Amino acid sequence: MVKTKIAVFVSGGGTNLQALIDAQTAGRLPSGEIVLVLSSAPDAYALERAKQAGIPRVVVARKAYATQSEFEAEICRHLKQNGIELIVLAGFMTILSAAFTRQYEKRIINVHPSLIPSFCGKGFYGLRVHEAALQYGVKVTGATVHYVNEVPDGGQILLQKAVLVEEGDTPERLQRRVMEQAEWILLPQAAELVSRQLAEGKGETE
Ligand code: GAR
């Protein structure tokens, strides 16, 4: 079966990208292949991880473009050039417009560090999500992988996993536990699931 070509979009440390790379190396992403890493930040450590893994990488920074549509046109150019069929948002901190997400319907997935619909949507990203969860006093949080549509964190849920909040948790400690116990497990699983669906779909039409 022809593998689904994956682009991973990043903005920061890239631990979720690393989980995807490790899954690929270990044979846990048999239906997909990471062929491009696209970063919205030139100094993202995720770019170093891509380099170490020998994966082509590109920086497309929002502030380098006058408008969202010029920014997205440049992203699309890279996606087309590389024949990308699936986009995995792994800590990508720039919101994509409806015009963009519609072009890739059911072909963009995102990992979010809470149990959607809690602590999600505009303004909830990275450490802020865990700060909000601790502030609210929830005893259980977790991570969600979902399809991406025009509503921030509003697309159909693919996978979720719960993680317990512990006494004395700081946002940083909770973030780490959610990553270890949920995100790094769920994201490669979801990437394989959707890659397989897309690869099988290709088989039917060819
Ligand atoms: C992860 O916790 C991811 O779930 C979150 O940012 C972190 C990126 O870490 N994403 C969001 O909050 C998106 N709304 P990483 O760069 O080490 O993978």
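Quick look at the structure, then. Computed from a prediction, not measured in an experiment: that's the story for all the values here.

About the cut-offs
Residues numbered from 1 in each chain as written. Predicted model: local features only at pLDDT ≥ 70, side-chain atom pairs only at ≥ 80, totals over all residues. Heavy atoms only, no water. Buried < 20%, exposed > 50% of the residue type's maximum accessible area, 1.4 Å probe, protein only. Helix = DSSP H or I, 4+ residues; strand = E, 2+ residues; numbered from the N terminus. Pairing = 2+ DSSP bridges. Right-handed = clockwise from strand over helix to strand, strands pointing away. Axes fitted to C-alpha atoms, helices over the stretch in contact; angles between N-to-C directions. Parallel < 35°, antiparallel > 145°, perpendicular 65-115°, else oblique. Left-handed = near helix turned anticlockwise from the far one by under 90°. Contact = heavy atoms within 4.5 Å. Nonpolar A, V, L, I, M, F, W, Y, C, P; charged D, E, K, R; others polar. Near = heavy atom within 4 Å. Polar contact = N/O pair within 3.5 Å; in protein donor to acceptor, adjacent residues only side chain to side chain. Areas by Shrake-Rupley, 256 points an atom, 1.4 Å probe, with all protein chains shown as cover. 1 Å grid on protein atoms, 1.4 Å probe; cavity = no way out; pocket = protein on both sides within 12 Å on 5 of 7 lines; lining within 4 Å. Sits in = over half its atoms within 2 Å of the grid points.

Regarding the pairing of strand β2 (residues 32-39)
Step number 1: Along β2, seven of the eight residues are buried, which leaves the element largely enclosed by surrounding structure.
Step number 2: Across seven bridges, the pairing between strand β1 (residues 4-10) and β2 is parallel. If you follow Val-10 over to β2, its bridge partner there is Ser-39.
Step number 3: After leaving β1, the chain enters helix α1 (residues 15-25) and then returns to the sheet as β2, a path that is right-handed.

Re the packing of α1 against helix α2 (residues 45-52)
Step number 1: Where α1 meets α2, the axes come as close as 9 Å, and the angle between the chain directions of the two elements is 15°. Classed by the angle they form, the pair α1 and α2 counts as roughly parallel. In the crossing of α1 with α2, the sense of the turn from one axis to the other is right-handed. Together, Thr-15, Leu-17, Gln-18 and Ile-21 of α1 and Ala-46, Arg-49 and Ala-50 of α2 make up the contact between the two elements.
Step number 2: Looking at the contact of α1 with α2 residue by residue, the class counts come to four nonpolar, two polar and one charged.

So, the site of the ligand
Step number 1: Close to the ligand lie 15 residues, the nearest being Gly-14, Thr-15, Asn-16, Gly-126 and Glu-183.
Step number 2: Side-chain polar atom of Thr-15 to an oxygen atom of the ligand: 2.6 Å apart, as the coordinates give it.
Step number 3: In the model, an oxygen atom of the ligand is placed 2.6 Å from a nitrogen or oxygen of the Glu-183 side chain.
Step number 4: Computed on the free molecule, the ligand has an accessible area of 450 Å², of which 92% lies beneath the protein chains in the complex.
Step number 5: Counting atoms within 2 Å of the grid points, the majority share of the ligand lands in the largest pocket.

Side note on the sheet that holds β2
Step number 1: With mixed pairing, the seven strands of this open sheet are ordered in space as β3-β2-β1-β4-β5-β6-β7. For this open sheet the edge positions go to β3 (57-59) and β7 (157-164), each flanked by a neighbour on one side alone. Strand-to-strand twist in this sheet, taken as the mean axis angle between neighbours without regard to direction, amounts to 20°.
Step number 2: Pairing of β2 with β3, which is carried by three bridges, proceeds in the parallel orientation. Bridging from a neighbouring strand, Val-37 pairs with Arg-57 of β3.

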